[in-house]
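Understanding the architecture of this molecule
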Amino acid sequence: MARFTHPRLEDVPLDLALHALADPNRLGMVARLAATERLSCTDAAPCDTIPKSTLSNHLKLLRAAGLIETTQAGREMINTLRRADFDRRFPGLLDAVLANRID
């Protein structure tokens, strides 16, 4: 069974959160997760042609920044946005970034 590290949001510095949200691919992934309850890793991918290693790295950075939680459901990895926790730690940040996102 896969084990993922999910930091306590109190331990996540602002610069790490901003770094995770600064990449257009990761921001697109967060936007998709914000629009739905949960997504598999492949459904969260920014495009169909992204290498698995790149997708894995993006998901790892989003987990490290406290933005997502990944759990295993059978053979699938399911990602959920830690919206409430993230908003408590950084009030208004995610709303502001998503509202000003350029597609």
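Residues numbered from 1 in each chain as written. Predicted model: local features only at pLDDT ≥ 70, side-chain atom pairs only at ≥ 80, totals over all residues. Heavy atoms only, no water.

As named in an unreviewed UniProt entry, the chain is Transcriptional regulator, taken from Sphingomonas metalli.

A word on the UniProt feature "domain: HTH arsR-type" (unreviewed entry) in the chain. UniProt feature "domain: HTH arsR-type" (unreviewed entry): in the numbering of this structure it lies at residues 6–101. In residues 6–101, the share of helix is 54% and the share of strand is 15%. The end C-alpha atoms are 25 Å apart. (UniProt positions renumbered as here; feature names shortened; annotations may be inferred. Helix = DSSP H or I, 4+ residues; strand = E, 2+ residues; numbered from the N terminus.)

Moving on, we come to the pattern of salt bridges. Counted by the stated rule, this structure contains six salt bridges. In this structure, Arg8 engages Asp11 in a salt bridge whose closest nitrogen and oxygen atoms are separated by 3.0 Å. Of the residues examined, Arg8 reaches a relative accessible area of 53% and is grouped as exposed. Asp85 is the salt-bridge partner of Arg88, the closest N and O atoms lying 2.4 Å from each other. Note that Arg88 and Asp85 are positioned in helix H5 (residues 83–89) at a spacing of three residues, about one turn of the helix. Residue classification places Asp85 among the partly exposed positions, given a relative accessible area of 31%. One network of salt bridges, in which partners are shared, links Arg8, Glu10 and Asp11. (Salt bridge = Lys/Arg side-chain N within 4 Å of Asp/Glu carboxyl O. Buried < 20%, exposed > 50% of the residue type's maximum accessible area, 1.4 Å probe, protein only.)

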